[in-house]
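A look at the structure
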Amino acid sequence: MTSTSSDETPRQVHLAAHFPGVNNTTVWADPRSRSQIDFTSFEHLARTAERGLFDFFFLAEGLRLREHKGRIHDLDVVGRPESITVLNALAAVTDRLGLAATVNATFNEPYETARRFATLDHLSRGRAAWNVVTSSDAFTGENFRRGGFLDRADRYTRAAEFVDVARQVWDAGAERAFRHAGQHFTVEGDLGPARPPQGHPVVIQAGDSDEGREFAASAADVIFTRHGTLEAGRAFSADVKGRLARYGRAQGDLKIMPGVTFVLGDTAEEAQEKAAEIRRQQVSPQNALLTLEQVWGVDLSAYDPDGPLPDIDPVPGTGLSQGRTHRGDVFELAEKWRALSRDKGLSIRQTVIETTRRQSFIGTPAAVAAEIDTFVQAGAADGFILVPHLTPGGLDEFVDQVVPLLQERGVFRTEYTGTTLRSHLGLPVPAPCHERIPTA
Amino acid sequence: MTTRPAGRRSLHLAAAVDLPDTYEAEPYERAVRLAEHGALDFVTLHDSFAAPGPDGLAVLSRLAPRTTRIGLVPTVTTTHTEPFHVQAAVATLDWVSRGRAGWRPDVSTGAAEARLFGRRDPADPAALWEEAGDVVDAARKLWDSWEDDAEIRDVATGRFVDRDRLHHVDHEGPTFSVRGPSIVPRPPQGHPVVVVDAGSPHAAEAAARHADVALVAEAEPDRLAAARTALRRRAAELGRDPDALRVLAALRIDLSAGERAARPGHGGGPLPTEDGPLYRGGPVDLADLIADRHRDGAADGFHLTPLDPRRDLERLVNATVPLLQHRGLFRTFYPGSTLREHLGLARPVNQYATAGERR
């Protein structure tokens, strides 16, 4: 690029799109909101992401419907298709876009999962990605044969071993035998599926915990995270990238992509007003009480969402809400929220709106483009996974208005230069393990 | 209505699009689009963890947006998989194809497959088919775990779904249990079509109990008719309407012998082989054979597996099918859009909706 004064090319921004389906940021009450299950919705969002030259399209996973007070949670979008199956269909209507599916390493088996991702990689000609997540949730386990419960540390050792076995299967291809006997899996076969076009489909890891960071540093190509500020992002990036060397990996081998929402307006004020309105739609009076009940652990339905916070103490460990829980000290959290409410004179609903805010770019397209660029140039992120709040049109404005400005800044591609997701991300195709030259 | 003579049942035709060792989408796409050009009811794609090749359900999902009417029926085994994942994937195939999904459940009896998972020892076919039936039963419950109108989007009360129209299935089987509900809303067909290869006594029992379509590999017309009668009788004994079960004759075809078979007519018909009956001859004689068996009521139709996928499917679609159409035996266009409509099968009533009191 010629726009920079030094001979250094500015760091390039990576962008991905998160499908806004089951998610507490998806606004379903908006008249423009359409089906979260019909294929046309997936097709619209994926085609928009590809028009915007995004690296990949991201699908989350659900394995059990959330429950609250022993009943199915009914306030947010519920119901989604199975991720890999939808992505295989999307491979038919897109050419370059990476296709990322979340698949849980706790409730699946490595050979089957490796084979499914190898197939997606073949059918898409090298565009598959696997977001590896884990669960320690016996509630979700009730839907599965294993039905098991793994504690927090075990689920990461299982995930690491799971990914390791999958890579052995991919490396074996249709010619070689593979054999693995470990703590969680004993797997062997005479041959695997034909080696995927990318060698290994791209591995994404989501999560900010210490175990999660270590797992990402050892095994992931992309880490999907959340952090609010430039400083927090730089600290996170320094920490995670600092762990790479001990696995023999280079700084560029792991891309940091926080999930973010965004709101665009013609002026800064208009964008702020729209953002406030979206927050009110995301946090309905019923949702505000439910969020509070998840912290307090007791039925608060008698409280007025437009009134003050309860002065009673939380009752931890009630299992009131399942499928999503608050970790950490609920007494501390409740006191913090009460203090905020007192100091600013906020109602229950206003307090929830204030405290459940996530990283968001709000402003004119120019301001949002500049802020994204700033994050990336400062090394706080390699790019972002955008979470629109509307299905399926929520990405249209961003692609039409922000992408061209990022291109003008010389920090975003103007065309796809490769055909595989690894090439979009600047990641090499890994050599099969039997061809790797042993070190020392 | 179609042009078939009054009183005669519809003829159903299906074809396998198995392409050993092929991982790219394009050869499958050519085959499935060709089958759709012939207005076939559905295509099947075999899959097994033991054999090389891609995931079958994935391939047919990849083809869903490239086709518009033809039914898509992958084999999905039930021995080493999670029933919850299987039902979700099959329901999703129905969503992405807008009501054209089927599912051919199968079992994995081999030690090699068991070692790929390292989770359970090989078991005998009787137990595994019993389990496969149990998986289909659980899948049907999970497909019904959302009533069709569960999504209400009621802005006034802030409720996206009516939780009274979502159901825990609480399925308890000997080898697995599932709590439910599914994560996938009820698919367009209500239940995707279940196709069971009734090749062994255990599989035949599962077919009579659970299938919408049973495949029977019998070469002799009398034995084929007897198998169909037995399946229908057993289905009736199990409390099912036998007319809700389609029985298709499974036939391997080798159409390399020109327009007509070397022998005039089809003589003794297909030859029994180790892999099932094999028809060897020309496309014209195949049309005669299909017409005869259908007229005799020996089968509701045929599931044809080309010996050479590229050559034989092309001859089937471009020669045999037009002859059957010309005789008014087979549709010339798809009057409906879902696989159930092609097969003349009703959309199932939701097993939970009838039980609950609607407010």
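As the structure is a prediction and not an experimental result, all values here were calculated from the model.

Let us look at the overall build of chain B. When you go through chain B residue by residue, the secondary structure sums to ten helices and 13 strands. Computed over C-alpha atoms, the radius of gyration of chain B comes to 21 Å, within 12% of the 21 Å expected from 2.2 N^0.38 for 359 residues, which places it in the range of a compact globule. Seen through its principal axes, chain B has C-alpha atoms that stretch 70 × 50 × 45 Å. Residues classed as buried in chain B amount to 59% of the 359 residues present. Sequence separation of 24 or more characterises 75% of the internal contacts of chain B that already satisfy a separation of 6 or more. Carbon and sulfur atoms make up 49% of the accessible area of chain B, which amounts to about 13,800 Å² in all. Once the 45 positive and 52 negative side-chain charges of chain B are each reduced to a mean point, those two points are 4 Å apart.

This paragraph deals with the overall build of chain A. For chain A, the helix and strand inventory stands at 14 helices and 14 strands. Over its C-alpha atoms chain A spans a radius of gyration of 22 Å, differing by no more than 12% from the 22 Å that the globule rule assigns to 440 residues. Each principal axis of the C-alpha distribution contributes one length, and for chain A these read about 65 × 55 × 45 Å. Here chain A holds 440 residues, and 60% of them are scored as buried. Within chain A, residue pairs in contact and separated by at least 24 positions form 74% of the contacts whose partners lie at least 6 positions apart. Averaging the coordinates of the 48 positive side-chain charges in chain A and doing the same for the 59 negative ones gives two points 2 Å apart.

Let's shift gears to the environment of Gly383(A). Of note, Gly383(A) is situated in strand S14 (residues 383-386). Other than its neighbours up to four places away in sequence, Gly383(A) contacts Val13(A), His14(A), Ile256(A), Met257(A), Pro258(A) and Val376(A).

Attention now moves to the interface of chain B and chain A. Across the contact, 64 residues belong to chain B and 59 residues belong to chain A. Around 5,500 Å² of area is buried between chain B and chain A when both sides are counted, 57% of it from carbon and sulfur atoms. It is Tyr23(B), Arg163(B) and Ile183(B) in chain B that bury the most area against chain A; as a group they hold 14% of the surface buried on that side. Put simply, chain B and chain A have eight salt bridges between them. Taken together, the links from chain B to chain A amount to 29 residue pairs in polar contact (both at pLDDT 80 or more).

Residue and element names in this part refer to chain B. According to UniProt, the feature "binding site: FMN" (unreviewed entry) maps to Thr75 and Ser200 in the numbering used here. The residue Thr75 is located in strand S3 (residues 71-77) in this model. Residue Thr75 is classed as buried on the basis of its relative accessible area, which comes to 2%. Aside from chain neighbours lying at most four places away, what touches Thr75 is Leu45, His46, Asp47, Arg104 and Asp106.

Before going further, it helps to examine the sheet that holds strand S12 (residues 321-322) of chain A. Residue and element names in this part refer to chain A. One open sheet accounts for three strands, arranged S4-S3-S12; its pairing is antiparallel. Two strands close off the open sheet at either side, each with one partner strand: strand S4 (71-72) and S12. In terms of strand pairing, strand S3 (residues 67-68) meets S4 through two bridges, oriented antiparallel. From the neighbouring strand, Glu67 faces S4, where its bridge partner is Ile72.

Summed over all chains, the structure comprises 21 aromatic pairs over all chains. Aromatic side chains Tyr111(A) and Phe49(B) sit 6.3 Å apart centroid to centroid with 70 degrees between the ring planes, which places their arrangement in the edge-to-face category. Taken together, the positions of Tyr111(A) in helix H3 (residues 110-123) and Phe49(B) in the loop between strand S2 (42-45) and helix H2 (56-63) put the pair across two chains. When the centroid spacing of 6.1 Å and the interplanar angle of 55 degrees are considered together, the rings of Tyr156(A) and Phe215(A) count as tilted.

On to the pairing of strand S1 (residues 12-16) of chain B. Residues and elements named next belong to chain B. Where burial is concerned, most of S1 is hidden: five out of the five residues are buried. The side-chain alternation of S1 yields two buried faces, one formed by His12, Ala14 and Ala16 and the other by Leu13 and Ala15. Bridge count between S1 and strand S13 (residues 301-306): four bridges; the pairing is parallel. The partner of His12 across the bridge, within S13, is Gly301. With three bridges joining them, S1 and S2 adopt parallel strand pairing. Note that in S2 the partner of Ala14 across the bridge is Phe42. For the crossover from S1 across helix H1 (residues 25-37) to S2, the handedness is right-handed.

Before going further, it helps to examine the pairing of strand S11 (residues 246-254) of chain B. Residue and element names in this part refer to chain B. Here S11 lies mainly inside the structure; nine of its nine residues are buried. Of the two faces of S11, the one carrying Arg246, Leu248, Ala250, Arg252 and Asp254 and the one carrying Val247, Ala249, Leu251 and Ile253 are both buried. The handedness of the strand S10 (residues 213-216) to S11 crossover, carried by helix H7 (residues 221-237), is right-handed. Of the pairings in the sheet, the one linking S11 to S13 comprises six bridges and is parallel in character. Counterpart to Ile253 in the pairing with S13 is Pro306. When S11 meets strand S12 (residues 278-280), the two strands line up parallel, connected through three bridges. Each bridged residue has a counterpart across the sheet, and for Asp254 the counterpart in S12 is Arg280.

What follows concerns the environment of Gly79(A). Mapped onto the elements of the fold, Gly79(A) is located in the loop between S4 and helix H2 (83-91). For the pair formed by Gly79(A) and Ala16(A), sequence separation is 63 residues and the distance between their alpha carbons is 22 Å. In contact with Gly79(A), not counting residues within four places along its chain, are Val22(A), Gln36(A), Trp146(B), Ile183(B) and Pro185(B).

All names here are of chain A. The contact between helix H1 (residues 39-51) and helix H13 (residues 396-408) brings their axes to 9 Å, and the two run at 5 degrees. As judged from the angle between their axes, H1 and H13 are roughly parallel. Contact with H1, carried on its side by His44, Thr48 and Arg51, involves Asp396, Val399 and Asp400 of H13 and no other residues of that element. Each residue belonging to the contact of H1 with H13 can be placed in one class, and the counts come to one nonpolar, two polar and three charged.

Further remarks concern H3(A). Residue and element names in this part refer to chain A. The end-to-end C-alpha distance of H3, which contains 14 residues, comes to 20 Å, matching closely the 20 Å that a straight helix rising 1.5 Å per residue would cover. Counting buried residues along H3, 14 of its 14 residues qualify, which places the element largely inside the surrounding structure. In the stretch just after H3, Arg125 is the one whose phi turns positive, near 55 degrees.

Now for unusual backbone geometry. Cis peptide bonds are those with omega within 30 degrees of zero, and the linkage from Thr391(A) to Pro392(A) qualifies with -5 degrees. Mapped onto the elements of the fold, Pro392(A) is located in the loop between S14 and H13. Here Gly180(B) and Pro181(B) are connected by a cis peptide whose omega angle stands at -10 degrees. Inspection of the secondary structure puts Pro181(B) in the loop between strand S8 (177-178) and strand S9 (193-197).

With that settled, the discussion passes to the confidence of the model for chain A. Taken as a whole, chain A shows an average pLDDT of 91; of its residues, 95% reach a score of 70 or greater. Low pLDDT, under 50, characterises residues 1-5 of chain A; the stretch is placed with three contacts to residues that sit more than four places away or in other chains.

A separate point is the nonpolar core. By size, the foremost hydrophobic cluster in this structure holds 185 residues, and its most contacted members are Phe54(A), Phe57(A), Leu90(A), Trp130(A), Phe384(A), Leu395(A) and Phe398(A). In this structure, Leu289(A), Trp296(A), Ala334(A) and Trp337(A) belong to the second largest nonpolar core, which totals 15 residues.

Turning our eyes to something else, we now look at the domain arrangement of chain A. Residues and elements named next belong to chain A. Considered domain by domain, chain A is made up of domain 1 (14-265 + 359-434) and domain 2 (284-355). In this structure, domain 1 and domain 2 have C-alpha centres spaced 31 Å apart. Summed over both partners, the interface of domain 1 with domain 2 comes to about 1,200 Å²; 46% of that surface belongs to carbon and sulfur atoms. The largest contributions to the domain 1 side of the interface with domain 2 come from Arg66, His68 and Lys69, which together make up 48% of the buried area. Along the contact surface separating domain 1 from domain 2 lie two salt bridges.

Quick notes on the rules
- Residues numbered from 1 in each chain as written.
- Chains lettered and ligands numbered in written order.
- Predicted model: local features only at pLDDT ≥ 70, side-chain atom pairs only at ≥ 80, totals over all residues.
- Heavy atoms only, no water.
- Helix = DSSP H or I, 4+ residues; strand = E, 2+ residues; numbered from the N terminus.
- Rg over C-alpha atoms; globule rule 2.2 N^0.38 Å.
- Buried < 20%, exposed > 50% of the residue type's maximum accessible area, 1.4 Å probe, protein only.
- Contact = heavy atoms within 4.5 Å.
- Areas by Shrake-Rupley, 256 points an atom, 1.4 Å probe, with all protein chains shown as cover.
- Lys, Arg positive; Asp, Glu negative; His and termini not counted.
- Charge placed at Lys NZ, Arg CZ, Asp CG, Glu CD.
- Buried area = accessible area lost by both parts, 1.4 Å probe.
- Salt bridge = Lys/Arg side-chain N within 4 Å of Asp/Glu carboxyl O.
- Polar contact = N/O pair within 3.5 Å; in protein donor to acceptor, adjacent residues only side chain to side chain.
- UniProt positions renumbered as here; feature names shortened; annotations may be inferred.
- Pairing = 2+ DSSP bridges.
- Phe/Tyr/Trp six-rings, centres within 6.5 Å; stacked < 30°, edge-to-face > 60°.
- Right-handed = clockwise from strand over helix to strand, strands pointing away.
- Axes fitted to C-alpha atoms, helices over the stretch in contact; angles between N-to-C directions.
- Parallel < 35°, antiparallel > 145°, perpendicular 65-115°, else oblique.
- Nonpolar A, V, L, I, M, F, W, Y, C, P; charged D, E, K, R; others polar.
- Expected span 1.5 Å × (residues − 1).
- pLDDT = per-residue confidence, 0-100.
- Core = buried A, V, L, I, M, F, W, Y, C linked by side-chain atoms within 4.5 Å.
- Domains from an automatic or database assignment.

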